[in-house]
Number of protein chains: 2
Amino acid sequence: MDQNKIPQATAKRLPLYYRFLNNLQHQGKTRVSSKELSDAVKVDSATIRRDFSYFGALGKKGYGYNVEYLLGFFRKTLDQDELTEVALIGVGNLGTAFLNYNFVKNNNTKIVMAFDTDPEKVGTEIGGIPIYHIDDLEGKISGVKVAILTIPASEADSVTDRLVTKGISGILNFTPARITVPEHVRVHHIDLAVELQALVYFLKHYPLD
Amino acid sequence: MDQNKIPQATAKRLPLYYRFLNNLQHQGKTRVSSKELSDAVKVDSATIRRDFSYFGALGKKGYGYNVEYLLGFFRKTLDQDELTEVALIGVGNLGTAFLNYNFVKNNNTKIVMAFDTDPEKVGTEIGGIPIYHIDDLEGKISGVKVAILTIPASEADSVTDRLVTKGISGILNFTPARITVPEHVRVHHIDLAVELQALVYFLKHYPLD
DNA sequence: TATAAGTCGTGATTAATTTCACAATTAAGT
DNA sequence: ACTTAATTGTGAAATTAATCACGACTTATA
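Residues numbered from 1 in each chain as written. Chains lettered and ligands numbered in written order. Predicted model: local features only at pLDDT ≥ 70, side-chain atom pairs only at ≥ 80, totals over all residues. Heavy atoms only, no water.

Novice: Provide a residue-level description of the overall build of chain A, including the pertinent values.
Specialist: Helix and strand counts for chain A stand at 8 helices and 9 strands. Principal axes of the C-alpha set define a box for chain A whose edges measure 60 × 45 × 35 Å. Considering chain A as a whole, with its 209 residues, one finds that 51% of them fall into the buried category. The long-range share in chain A, meaning contacts at least 24 apart out of those at least 6 apart in sequence, stands at 55%. Entry remark: accessible area of chain A is about 9600 Å², with carbon and sulfur atoms responsible for 48%. Charge separation in chain A, taken as the distance between the mean sites of 24 positive and 24 negative side-chain charges, equals 11 Å. (Helix = DSSP H or I, 4+ residues; strand = E, 2+ residues; numbered from the N terminus. Buried < 20%, exposed > 50% of the residue type's maximum accessible area, 1.4 Å probe, protein only. Contact = heavy atoms within 4.5 Å. Areas by Shrake-Rupley, 256 points an atom, 1.4 Å probe, with all protein chains shown as cover. Lys, Arg positive; Asp, Glu negative; His and termini not counted. Charge placed at Lys NZ, Arg CZ, Asp CG, Glu CD.)

Novice: Talk me through the relation of the copies chain B and chain A; I want residue IDs and the actual numbers.
Specialist: Each copy superposes on the other: chain B lies on chain A with an RMSD of 0.1 Å after a rotation of 180° and an axial shift of 0.0 Å. Put plainly, the chains are arranged around a two-fold axis. Of all interface residues in chain B, 100% are interface residues in chain A too; the two copies therefore contact each other through one and the same surface. (Least-squares fit on C-alpha atoms with pLDDT ≥ 70 in both.)

Novice: Describe the side chain of T84 of chain B, and please don't skip the residues or the numbers.
Specialist: Counting through the fold element by element, T84 of chain B comes out in strand β3 (residues 84-89). Relative accessible area serves as the criterion here: at 12%, T84 of chain B is assigned to the buried category.

Novice: Lay out the sheet that holds strand β7 (residues 146-149) of chain A with the relevant residues and their values.
Specialist: In a beta sheet, neighbouring strands are held together by backbone hydrogen bonds and run either parallel or antiparallel to one another. Ordered in space as β5-β6-β4-β3-β7-β8-β9 (chain A), the 7 strands form an open sheet in which the pairing is mixed. Each having just a single partner strand, β5 (125-126) and β9 (186-189) of chain A make up the two edges of the open sheet. Both strand β4 (residues 109-116) of chain A and strand β6 (residues 129-133) of chain A contribute to a ladder of 3 bridges, which runs parallel. Of the residues in β6 of chain A, the one forming a bridge with A114 of chain A is I131 of chain A. Contacting β3 (84-89), β7 and β8 (170-173) of chain A, helix α7 (residues 153-165) of chain A crosses the sheet at an angle of about 175° to β7 of chain A. Taken strand by strand, helix α8 (residues 192-205) of chain B contacts β3, β4, β7, β8 and β9 of chain A, and its axis lies near 155° from that of β8 of chain A. (Pairing = 2+ DSSP bridges. Axes fitted to C-alpha atoms, helices over the stretch in contact; angles between N-to-C directions.)

Novice: Explain the packing of helix α1 (residues 8-26) of chain B against helix α4 (residues 67-77) of chain B to me, using residue names and the numbers behind them.
Specialist: All names here are of chain B. At a minimum axis distance of 10 Å, the contact between α1 and α4 shows a crossing angle of 140°. Between α1 and α4, the angle is such that the two are oblique. Note on packing geometry: the crossing formed by α1 with α4 is left-handed. Facing L14, Y18, L21, N22, L24 and Q25 of α1, the residues of α4 in contact are V67, E68, L70, L71, F74 and R75. Residues of the contact of α1 with α4, tallied by class, amount to 8 nonpolar, 2 polar and 2 charged. (Parallel < 35°, antiparallel > 145°, perpendicular 65-115°, else oblique. Left-handed = near helix turned anticlockwise from the far one by under 90°. Nonpolar A, V, L, I, M, F, W, Y, C, P; charged D, E, K, R; others polar.)

Novice: Residues and numbers for the pattern of salt bridges, please.
Specialist: All told, the structure shown has 14 salt bridges over all chains when counted by the stated rule. In this structure, D191 of chain B and R19 of chain A form a salt bridge, with 2.2 Å as the shortest nitrogen-oxygen distance. Highlighted residues: D191 of chain B in the loop between β9 (186-189) and α8 and R19 of chain A in helix α1 (residues 8-26), drawn from two different chains. Among the ionic contacts, a cluster of salt bridges with common partners joins R178 and D191 of chain A together with R19 of chain B. (Salt bridge = Lys/Arg side-chain N within 4 Å of Asp/Glu carboxyl O.)

Novice: Quick one: what's the story with the interface of chain B and chain A, residue by residue and with numbers?
Specialist: Chain B puts 70 residues into the contact, and the matching count from chain A is 71 residues. Summing the contributions of chain B and of chain A, the shared interface buries around 6700 Å²; its carbon and sulfur component is 64%. Of all residues in chain B, R186, L196 and Q197 of chain B give up the largest surface area on contact with chain A, accounting jointly for 10% of the area buried on that side. Between E82 of chain B and K204 of chain A there is a salt bridge; the shortest N-O distance is 3.1 Å. Run the count over chain B and chain A and you get 14 residue pairs in polar contact (both at pLDDT 80 or more). (Buried area = accessible area lost by both parts, 1.4 Å probe. Polar contact = N/O pair within 3.5 Å; in protein donor to acceptor, adjacent residues only side chain to side chain.)

Novice: Residues and numbers for the layout of surface pockets, please.
Specialist: One number sums up the size of the largest pocket: a volume of about 1800 Å³. In terms of lining residues, the largest pocket is bounded by 46 residues, among which K12, H189 and E195 of chain A together with K12 and E195 of chain B are the most central. Elements represented by at least two residues in the lining of the largest pocket include exactly α1, β9 and α8 (192-205) of chain A together with α1, β9 and α8 of chain B. Across the lining of the largest pocket, the residue classes tally to 24 nonpolar, 7 polar and 15 charged. (1 Å grid on protein atoms, 1.4 Å probe; cavity = no way out; pocket = protein on both sides within 12 Å on 5 of 7 lines; lining within 4 Å. Points joined across faces, edges and corners; volume = space filled by probe spheres on them.)

Novice: Account for unusual backbone geometry, naming residues and giving values.
Specialist: Residues and elements named next belong to chain A. Even without being glycine, K42 reaches a positive phi, approximately 60°. Tracing the chain through its elements places K42 in the loop between α2 (34-41) and α3 (45-53). Exposure remark for K42: the relative accessible area of 37% places this residue in the partly exposed category.

Novice: Explain the pairing of β8 of chain A to me, using residue names and the numbers behind them.
Specialist: A regular strand places its side chains so that they alternate between the two faces of the sheet. All names here are of chain A. Where burial is concerned, the two faces of β8 agree: the one with G170 and L172 and the one with I171 and N173 are both buried. In terms of strand pairing, β7 meets β8 through 4 bridges, oriented parallel. Bridge pairing links V146 to G170 in β8. In the classification by handedness, the crossover that spans β7, the intervening α7 and the parallel β8 is right-handed. Relative to β9, β8 runs parallel, the two sharing 4 bridges. Within β9, the position partnered with G170 by the bridge is R186. (Right-handed = clockwise from strand over helix to strand, strands pointing away.)

By themselves, these observations are geometric and do not establish any function.
Below is the structure:
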């Protein structure tokens, strides 16, 4: 894996860059400078140049970056050509938001199935994605490597264990529970309450003026 | 502001610690070690001790931390006594998820009003929170300092401008748009598509085994 | 062609964060 | 009272990330 030298902080910004470059292309722009990109994505322009530089010299001095070239490059780097299938566990409000989001437009990921326990929902589709009963998880999920967890915290541990048993590699965890997984499984936590509290804490203790 | 020396990385973890300490107290635990806490919140135990140490010597060597004492301390530090009022803009699936979440239980924040354009929703309540038409934003929102943005990206800039004009201090932005605000307004971006893409990128390029 | 303005790529520096590792202290058991 | 095991708090080191600042190159203009 030749990209192992890329800092994690950089890797997290790549999808953001990719989306804005896409926007630019749709607007018909053919060139862009790190300064313009900086204004758009709110990342320091030196940081952007440094980020890009990990992939080689993608720009031209005095000119900037060619949008199409850069996009093509990122498409390959971010594996935009391969589609990663994702399962969604928990079709509440948050889960439904994901199903309606239709990531696939700009993305390399697609939710291909969802699970819930509500008999009103099981057997139906949302955004074209079939909803199965969670009891059928083991039978349906084979081959899917990534799951989004949008269930109540109380279910998080048991569902996680079942996902791990079925060989999941990555979990995007929206429950407040900090789930425990084997070493080879990667979990990213997004804790909505914590995010809101952190924002409030920063407002009070780190005044911007 | 005497807490200005606390690293931002630490500040972001405080709400997480707070919630887990609360859990422990409800379970009747009276003491806890940094190692136990580490297992629960998935943060290195040395990092936890360092985080706590910014607030002074809160623990006892050979013993650990007293749950109640620590909780009391964080309650003050995190301003759990004061309630910060929050407005939610956009009552789609994601917005509805927030309204049903009922943060106030463990939290210092409360969503006190919501806005949308859908005539079916305007005038109703979800989770006890009244939903107003977004045209009434200027009339209703006075005094509220924090907003959660769960609207389509296309509306993000115009709504942000209106919020800023009304004196908002902090925005939790769930739209993919990177909004532009004056210096004195703090924005935290949570970009669901980017989070999912970043997870997939890490899975492919940073294997855990 | 000469000049000016713009922009990248990057060495060097600074800043922020995490982790190691251990002396000091406490609790518990015998 | 003594010993053993546990655990903190923190100096120091290591790691990671952000930022500065400038030489080199490109484009545009006169």
